[in-house]
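The lines below spell out each chain.
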Amino acid sequence: MKSMKTTLFLSLLAGTLLSSSGQGSSVATRARFRAVREKINLLGEILEQIEQVADMAAHRELKDTLTAGRRTSHRIRQQPSKLIIYKDVLTGEDMFTNRNKITVRDDRFYEVECKTVKMSFDVDDSFIGGNRNAEVEDGGKSEPGKIGCDIVVASKLESASLIHTEGDYRGYLKKYTKNMLKYLQKNKPGRVEGFKAAAQAWAQLVLPDNFKNWKFFTGEDDQYDMEGMVPLLRVREDGGTPYMLFIKDGLVEETY
């Protein structure tokens, strides 16, 4: 800024000298110099103010750019970049993906939150984990349809049609535990004891008091053999959000 003032001063001084050469007294010349100096100071102050405004604008622009970048980065981190499919280790059936909210409970279970989807065709509630009729909820304004869990639909899970009573479930769980222990002893012996504890806790979630509160599902091609996991589905106590439970040791991750 000082160099700009100097340039202005010299330019105005040269102009003044040329215009005043051969004219007037030295007193008049000094008066012109003072007037020039005052003009230069005034112009310098104006230029400084302009520079300050420009600096502030540039700072705000840089700040906005950085803030937008952080927001974009945050959104990217929230959205999984790769698809992970969780499959049954015994049957290879798809169970769920990382597109749903997943919570690990006690390092034993995956609690996976469902997103509700509407099925426009007539289908039994039990096949999609549904428990409400959209036509009833909105006073009949929309087309009839079932509201169900997106995990059931996306992974093509089937209702465990062979489980009707607590005895049926006990028989299945005994067979599944045996199959899983055999698998772990061969492939992950360090997880045998952990799975035993998980299986016991799993049984207590269902039996004997909560059997009627759960819905049971199987993989698409495991409905009648039930060799693999039978995940559980229920609606939270608030009556709104459905979720599913899966045994952690019974799953393997595949990344795409």
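Up top you'll find the structure we're talking about.
All figures in this text were calculated on a predicted structure; none of them were measured in a lab.

Novice: Explanation requested: the state of the cysteines in the structure shown.
Specialist: Here a disulfide denotes a covalent bond joining the sulfur atom of one cysteine to the sulfur atom of another. Counted under the stated rule, the structure contains one disulfide. The disulfide partner of Cys114 is Cys149, and the gap between their sulfur atoms is 2.2 Å. Residues Cys114 and Cys149 share a disulfide whose torsion about the S-S bond is about -75°; that sign makes it left-handed. Here Cys149 lies in strand S7 (residues 146–149) and Cys114 lies in the loop between strand S4 (109–113) and strand S5 (116–119), a separation of 35 residues in the sequence. The buried category is assigned to Cys114, whose relative accessible area is 5%.

Novice: Sorry, what's going on with the pairing of strand S2 (residues 94–97) here?
Specialist: Regular strands place their side chains on alternate faces of the sheet. As judged from the three bridges shared by strand S1 (residues 84–88) and S2, these two strands associate in the antiparallel manner. The residue of S2 that forms the bridge with Lys87 is Asp94. Here S1 folds back onto S2, and the loop between the two strands holds five residues, one of which, Gly92, carries a positive phi near 80°.

Novice: Any chance you could explain the sheet that holds strand S11 (residues 242–247) here in plain terms?
Specialist: The strands making up a sheet associate through hydrogen bonds between their backbones, and the pairing can be parallel or antiparallel. The six strands lie next to each other as S3-S4-S11-S10-S9-S8, forming an open sheet whose pairing is antiparallel. Two strands lie at the open edges of the sheet, namely strand S3 (102–105) and strand S8 (158–159), each paired on one side alone. The strands touched by helix H6 (residues 192–206) within the sheet are S3, S4, strand S9 (215–218), strand S10 (232–235) and S11, with S11 carrying the most contacts at an inclination of about 145°.

Cut-offs applied
- Residues numbered from 1 in each chain as written.
- Predicted model: local features only at pLDDT ≥ 70, side-chain atom pairs only at ≥ 80, totals over all residues.
- Heavy atoms only, no water.
- Disulfide = S-S within 2.5 Å.
- Helix = DSSP H or I, 4+ residues; strand = E, 2+ residues; numbered from the N terminus.
- Buried < 20%, exposed > 50% of the residue type's maximum accessible area, 1.4 Å probe, protein only.
- Pairing = 2+ DSSP bridges.
- Contact = heavy atoms within 4.5 Å.
- Axes fitted to C-alpha atoms, helices over the stretch in contact; angles between N-to-C directions.

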